[in-house]
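Single-letter residue listing:
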Amino acid sequence: MNKHPEHDIDFLDDHLQDEEQEEIIWVSKSEIKRDAEALKKFGAKLVALTPANLEKIPLSEKLADAIELAQRSQRGALRRQLQYIGKLLRNTDVEPLQEALDKLENKHNQQQAVFHRLEHLRDQLLESDSNSVLSQLIAQYPDLDIQHLRNLIRGAQKERAAQKPPKFYREIFQYLKELETSE
């Protein structure tokens, strides 16, 4: 057995280098650009928020200052500031920020769903057989003023027949919205 110790060492070195090469994850330049653009768009969403909503998002002081400056900027300065915010976000854990933003957006979506449900309820009340809907409303909202709601329904039906502006129609929605928020 004629083994060369030098040959064994070279083989081990080559094997270790191959393992190191496998561990390195290569990211394309295009992917880096896409990620940067996504962070810039996320930063633009943050800039579009109101100050009250921004307080609900866990921002670093530097990022909060950059967003505040971007909200006061216009045109080119705004573009540069959004670039800077994207750069700051690259070094930040975006996940908690995204979760907080999703909660805010979901709250908006839930509110829209409630409004659509109330509009549908209003339309059902104005149909010819509204007694079943009224009985459901009475069960759902114990504070319901039945007489007031019936007056609004009658007024809305008269408006519709006379083709007048929908004043009572809107008032029914407002009344249902008040009932929903008082629960």
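Within an unreviewed UniProt entry, the label attached to the protein chain reads Dual-action ribosomal maturation protein DarP, and the organism entered is Pasteurella testudinis DSM 23072. On record in UniProt, under Subcellular location (unreviewed entry), the comment for the protein chain is "Cytoplasm".

A.B. asks: Lay out the environment of Leu 49 in plain terms, naming residues and giving numbers.
C.D. replies: Structurally, Leu 49 is set in the loop between α2 (29–48) and α3 (51–54). For Leu 49, a relative accessible area of 16% gives the class buried. In the structure, Leu 49 is positioned 55 residues away from Leu 104 in sequence and 9.8 Å away in space, judged by C-alpha atoms. If we skip the residues at most four places from it in the chain, Leu 49 touches Leu 54, Ile 57, Gln 71, Leu 101 and Leu 104.

A.B. asks: Describe in detail the side chain of Glu 159, supporting the description with residues and values.
C.D. replies: By the element assignment, Glu 159 lies in helix α8 (residues 146–162). Lys 167 provides the closest opposite charge to the buried, unpaired Glu 159, separated from it by 6.6 Å. Among residues more than four places away in sequence, those in contact with Glu 159 are Lys 164, Pro 165, Pro 166, Lys 167, Phe 168 and Tyr 169.

A.B. asks: Tell me what's going on with unusual backbone geometry, and back it up with residues and numbers.
C.D. replies: Positive phi values are uncommon outside glycine, yet Arg 75 reaches one of about 45 degrees. With respect to the helices, strands and loops of the structure, Arg 75 is situated in helix α5 (residues 75–90). The class for Arg 75 is exposed, based on a relative accessible area of 72%. Backbone geometry places Gln 163, a non-glycine residue, at a positive phi of 55 degrees. Taking relative accessible area as the criterion, Gln 163 reaches 72% and is therefore assigned exposed.

The rules behind these values
- Residues numbered from 1 in each chain as written.
- Predicted model: local features only at pLDDT ≥ 70, side-chain atom pairs only at ≥ 80, totals over all residues.
- Heavy atoms only, no water.
- UniProt positions renumbered as here; feature names shortened; annotations may be inferred.
- Helix = DSSP H or I, 4+ residues; strand = E, 2+ residues; numbered from the N terminus.
- Buried < 20%, exposed > 50% of the residue type's maximum accessible area, 1.4 Å probe, protein only.
- Contact = heavy atoms within 4.5 Å.
- Lys, Arg positive; Asp, Glu negative; His and termini not counted.
- Salt bridge = Lys/Arg side-chain N within 4 Å of Asp/Glu carboxyl O.

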